[in-house]
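# Examination of the molecular architecture
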Amino acid sequence: MGYTIQIERVREHFLQAKQDPAEEALFKQLRLNMWLKQQIKWMPMETWEKCAHPVDAEKLKGRICFGGLDLSSTTDITAFVLVFPPIPGDDKYYVLPYFWLPEETLDLRVRRDHVPYDIWQSQGYLLTTEGNVIHYGFIEKFIEELGQDYNIQEIAFDRWGAVQMVQNLEGLGFTVVPFGQGFKDMSPPTKELMKLALEKRIAHGGHPVLSWMMDNIHIRTDQRGILNRIRRNQQRRSMVRWPSLWLWIGASGTKE
């Protein structure tokens, strides 16, 4: 200690580890030689809750934003999120998330998943489409209407299962770009999102569905503690979409 590894670097890493679970795992394994579980909950919810700054959808009208679309299968949650990057005098990234489930299966899913979808729906945080499967046409129309209020520069989408909707959105005049959900694509924005959260530069308004999803994101490390995979809670894999993808769109589209 102090020769091969400078004590100042160890102290610096320790301070990082106090704020970031991924860095905590690295510190314990590389600096303290402690064997840890490979899968770690990613976002400390106390950090996320400090970003519950108010979001006024009316005041955001006309502003530049970037969208993230994460389609589910026909019965799981589909998500679309708009992120509004900073402007002069305001350094926060404002988030407007939208989530859908099929209306006819809502009660069944509440009982099966033990998740308060019905309460979120009554509060306006979760939307439904008619029938027992997701109505993609309804969501396309919804996004089209959002485009009339907000200056959507790009919509990023997961390549899986989105071909037809992508073509339809392009036909409506939107610029649509693919975004992979593997480690190579997801790792940099995940690290940047953690940085923004620690700086309290995200404003999500305390949206309960988005917060629930954040609480179910895990990272996976190898035996050296190196981050090599970003995963959803395995019990809720089909329910949890990728909030780090959606939120990153604003950051990646900003020219600061």
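As a starting point, this report considers the structure included with it. As the structure is a prediction and not an experimental result, all values here were calculated from the model.

## Topic: the overall build of the protein
Assigned secondary structure in the protein consists of ten helices and ten strands. Counting over 256 residues, the protein shows a buried share of 50%. Sequence-distant contacts in the protein: of pairs separated by 6 or more residues, those separated by 24 or more amount to 66%. Here the protein has roughly 13100 Å² of accessible surface; of this, 50% comes from carbon and sulfur atoms.

## Description of the pattern of salt bridges
According to the stated counting rule, one finds eight salt bridges in the structure shown. The partner of Lys-61 in a salt bridge is Glu-58, with the nearest N and O atoms 3.2 Å apart. Across the salt bridge formed by Arg-109 and Asp-113, the nearest N and O atoms sit 3.2 Å from each other. On the criterion of helical spacing, the pair formed by Arg-109 and Asp-113 is a turn pair, its members being four residues apart in helix α4 (residues 106–113). For the pair Arg-109 and Asp-113, one class covers both residues: buried. Taken together, the shared-partner salt bridges connect Asp-76, Arg-109, Arg-112 and Asp-113 into one network.

## A few points about the nonpolar core
The tendency in soluble globular proteins is for nonpolar side chains to be buried side by side. Judged by nonpolar contacts, the single largest core of 32 residues is most densely connected at Trp-42, Phe-99, Tyr-117 and Ile-202. Every element with two or more residues in this core is listed here: α3 (45–49), β3 (78–84), β4 (93–102), α4, α5 (117–123), α8 (183–198), α9 (208–214) and β9 (217–221). Broken down by element, the residue count for this core peaks at five residues, all from α9. Beyond its immediate stretch of four places on either side in the chain, Ile-202 contacts Trp-48, Cys-51, His-53, Tyr-93, Val-95, Leu-193, Leu-196 and Ala-197. Ranked by size, the runner-up nonpolar core spans 27 residues in total, among them Leu-71, Leu-82, Leu-146 and Val-176.

## Observations concerning the packing of aromatic side chains
This model, assessed by the stated rule, comprises six aromatic pairs. Here Tyr-117 and Trp-212 contribute two aromatic rings whose centre-to-centre distance is 6.3 Å and whose plane-to-plane angle is 85°, an arrangement assigned as edge-to-face. Here Tyr-117 is found in helix α5, whereas its partner Trp-212 is found in helix α9, with 95 residues between them in sequence. Measuring from ring centre to ring centre gives 5.6 Å for Trp-120 and Trp-212, while their planes differ by 55°; the resulting arrangement is tilted. Of this pair, Trp-120 sits in helix α5 while Trp-212 sits in helix α9, and the two are 92 residues apart along the sequence. Each member of the pair, Trp-120 together with Trp-212, is buried. Pairwise contacts between aromatic rings join Tyr-98, Trp-100 and Phe-142 into one cluster.

Here is what the cut-offs are and how they apply
- Residues numbered from 1 in each chain as written.
- Predicted model: local features only at pLDDT ≥ 70, side-chain atom pairs only at ≥ 80, totals over all residues.
- Heavy atoms only, no water.
- Helix = DSSP H or I, 4+ residues; strand = E, 2+ residues; numbered from the N terminus.
- Buried < 20%, exposed > 50% of the residue type's maximum accessible area, 1.4 Å probe, protein only.
- Contact = heavy atoms within 4.5 Å.
- Areas by Shrake-Rupley, 256 points an atom, 1.4 Å probe, with all protein chains shown as cover.
- Salt bridge = Lys/Arg side-chain N within 4 Å of Asp/Glu carboxyl O.
- Core = buried A, V, L, I, M, F, W, Y, C linked by side-chain atoms within 4.5 Å.
- Phe/Tyr/Trp six-rings, centres within 6.5 Å; stacked < 30°, edge-to-face > 60°.

Function-wise, these values are silent; they only describe arrangement.
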